[in-house]
Amino acid sequence: MGSASRKTFLPLEPMSFKNESKEVIDFISDYYKNIEEFPVQSRVEPGYLSAKLPDSAPYCPESLQDILKDVNDCILPGLTHWQSPNFFGYFQANASTAGFLGEMLCSGFNVVGFNWISSPAATELESIVLDWMGKLLNLPSSFLFSGTGGGVLHGSTCEAAVCTLAAARDKALKKLNGWENITKLVVYASDQTHFTFQKAAKLVGIPPSNFRLIETNSSTGFSMSPTQVALTIENDIKSGLVPLFLVATIGTTPTGAVDPIAELGKVAKKYDIWFHIDAAYAGSACICPELRPYLDGVELANSISMNPHKWFLTNMDCCCLWIKEPKFLVESLSSDPEILRNNASGSKSVIDYKDWQIALSRRFRALKLWVVIRRHGLANLIYHIRSDISMAKRFEEFVAKDERFEIVVPRKFALVCFRIKPKEEVEGNELNRKLLEAINSSGKAFMTHAVVGGIYVIRCAIGTTLTEQRHVDDLWKLIQEKTQSLLMEKI
Ligand SMILES: *Cc1c(COP(=O)(O)O)cnc(C)c1O
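About the criteria used
- Residues numbered from 1 in each chain as written.
- Predicted model: local features only at pLDDT ≥ 70, side-chain atom pairs only at ≥ 80, totals over all residues.
- Heavy atoms only, no water.
- UniProt positions renumbered as here; feature names shortened; annotations may be inferred.
- Helix = DSSP H or I, 4+ residues; strand = E, 2+ residues; numbered from the N terminus.
- Buried < 20%, exposed > 50% of the residue type's maximum accessible area, 1.4 Å probe, protein only.
- Contact = heavy atoms within 4.5 Å.
- Pairing = 2+ DSSP bridges.
- Axes fitted to C-alpha atoms, helices over the stretch in contact; angles between N-to-C directions.

## Some thoughts on the UniProt feature "modified residue: N6-(pyridoxal phosphate)lysine" (unreviewed entry) in the chain
Phase 1 of the analysis: Under the UniProt annotation, the feature "modified residue: N6-(pyridoxal phosphate)lysine" (unreviewed entry) is placed at Lys310.
Phase 2 of the analysis: Within the secondary structure, Lys310 sits in helix α9 (residues 308-311).
Phase 3 of the analysis: Lys310 sits in the buried class, given a relative accessible area of 16%.
Phase 4 of the analysis: Beyond its immediate stretch of four places on either side in the chain, Lys310 contacts Phe91, Gln92, Ala93, Asn94, Ala280 and Tyr281.

Here it is, written out as C-alpha cells:
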C-alpha cells in the first residue's frame, strides 16, 4: 500500500497530460493531412472489429503508442470520413480548429454545470452565447435573455424536440385539467419533417395515431401548405381532439425545403398551438443577410432550434434552442432534490440549466461555441456559408447543363438534389440507386439519397469544412464517368 498522503498512480499527472495530449494532437493533425487518401465511405464488413481486438479488457496498463497504433490500424479503416473534403452525404458535421480547441477546454475543465452554483461561468457563458447567437440570426428580443426569452444548449435537435414537446404538453394539459387528456393532443408536421419529431412525440406520450404528417409535393417544392394544416386542424377539432404542436422546418433533411414560417405562424396563433421551428441544418445560413428572409415570421414561433454542429464550424455536439417563455420548459422539467439545494437557486435569481434539459449532468458546451464565434468572427462565418452555397450553385449548374440529368428540387442552400433523367420513369429509381452505389464504392466521394414524391434523388450536400471547388469539380467528373458506364451497360 502506498502512503496515504502520496498516490503513486496518477491518472491526471500534469507532465504526462501535456506529453500524451501532444501525441494525440500530432496523430489527429496527421490524420487531417492525409484525409483525402482514405476511401470516404468505410469498406469494412459488419463485425470486422471484434476479429481485430482482444475480447476482454487489459489488466495491466498499455502504452499510448500501442493504443494509437490500434487506432490507426483497427479504427481508421472502420471510419467513414466525415471530415473528408469529398464527403457530400447526409448533412455535414463541420469541424474546425476553433471548435476542437473549444472541445479541449470543455473537456479539460470537465466541470458539470447543472445549476448555477456548480460552475457559475458555465451557466452565465451559455446564456451570453445564446444571446450572441440569437443576435447573429437577428432573432426578435422575445427569444433572448436581454429581452423576455432565453436559450439553452442541447446535444441534439432530438433532445430539443423532446423538451419543447414536454413543455407544450404540460402547458396544454394544465388547461385541460388532467393527464388522461394526453390522448387528445395532436402534433402537426409535414411528410418532410425530420423523423426525430415523431420519436419525440412518442417519448412524451402523444399517441402515434395523433401525429399528423401533412402531405407535400413537388409543385410547392415540398414545403408545407398552411391551408392544408388549417384544414387538418379543423377536422381534428371537430373530432374532439386538441391541437397541440406545429413544427415547421427551414431546410428539410431530404431536400432542403423551407416551410412558410409567417403563414404557418398565423395558423398556429389562430388555434393557440405551440409553434416550433426546426432549423437544424439551414439555421446557420440565416446569419447571411440575403438568407435571413427565410426566418421572417419567426416572431410568431414559441421556440426555435438549430445545430451549430452541422454548418457552423462547431465540432459535435451543439444544438441551440431558444424559447419565448422559458417558464414552460422549467415548469415541465424542473426538479428540486435536497442534495442540490443552495442559496442562489433558492432565491430564483439564477438559471439552473438542469431544468432546461433531460439529463442532470451537462457539458460546458458554451465554451466551444464561444471560441468558434470569437476565432472566426461573423465575417468569416458568413464567408464560410457563402462559399459553400456558391460551390453548390456551380455544381447545380453543371447538372442542369447536362441533358442526361435533372435537378429534382430547386436548391435553396448548399444541398443539390438531382438524378439521371430516366427514359422511362419505372427504371429511374433503380438507375440512380446504381449510380450512387458506383460513386460511393469508388471511395473517391460519398453522397446519400432521399425518396421524395416516389422519386429517388441523389443528395449532394456541400459544406464539409475542407471542401474546395476542385473537390466539387472532381465529384462532377466522377458522376459523369460513372453515368457514362451505367448508360453504356444498358445499351
Ligand atoms: C439533422 C437534423 C435533425 C436532427 O438533428 P440531431 O441533432 O441529430 O437530433 C433534425 N432536423 C433537421 C431538419 C435536421 O437536418
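## Here we look at the side chain of Thr249
Phase 1 of the analysis: Here Thr249 shows up in strand β5 (residues 242-249).
Phase 2 of the analysis: Leave out the neighbours within four places in its chain, and Thr249 touches Thr193, Ala257, Val258, Asp259 and Asp278.

## Concerning the sheet that holds β5
Phase 1 of the analysis: The sheet built from seven strands is open, its strands ordered β2-β8-β7-β6-β5-β3-β4 with mixed pairing. The sheet terminates laterally at β2 (150-154) and β4 (211-214), the two strands that pair on one side only. Neighbour to neighbour, the strand axes of the sheet diverge by 20° on average, direction disregarded.
Phase 2 of the analysis: Pairing of strand β3 (residues 185-190) with β4 involves four bridges; the strand directions are parallel. Note on β4: the bridge partner recorded for Tyr188 is Arg212.
Phase 3 of the analysis: Of the strands in this sheet, β2, β3, β5, β6 (274-278), β7 (303-306) and β8 (319-323) are in contact with helix α5 (residues 157-176), which crosses β5 at around 155°.

## A closer look at the pairing of β7
Phase 1 of the analysis: Residues Ser303 and Ser305 of β7 are buried on one face, and the alternating residues Ile304 and Met306, pointing to the opposite face, are buried as well.
Phase 2 of the analysis: Strand direction decides the pairing type here: β6 and β7, joined by three bridges, are parallel. Paired with Asp278 across the bridge in β7 is Ser305.
Phase 3 of the analysis: Direction of pairing for β7 relative to β8: antiparallel, over a ladder of four bridges. Counterpart to Ile304 in the pairing with β8 is Trp322.

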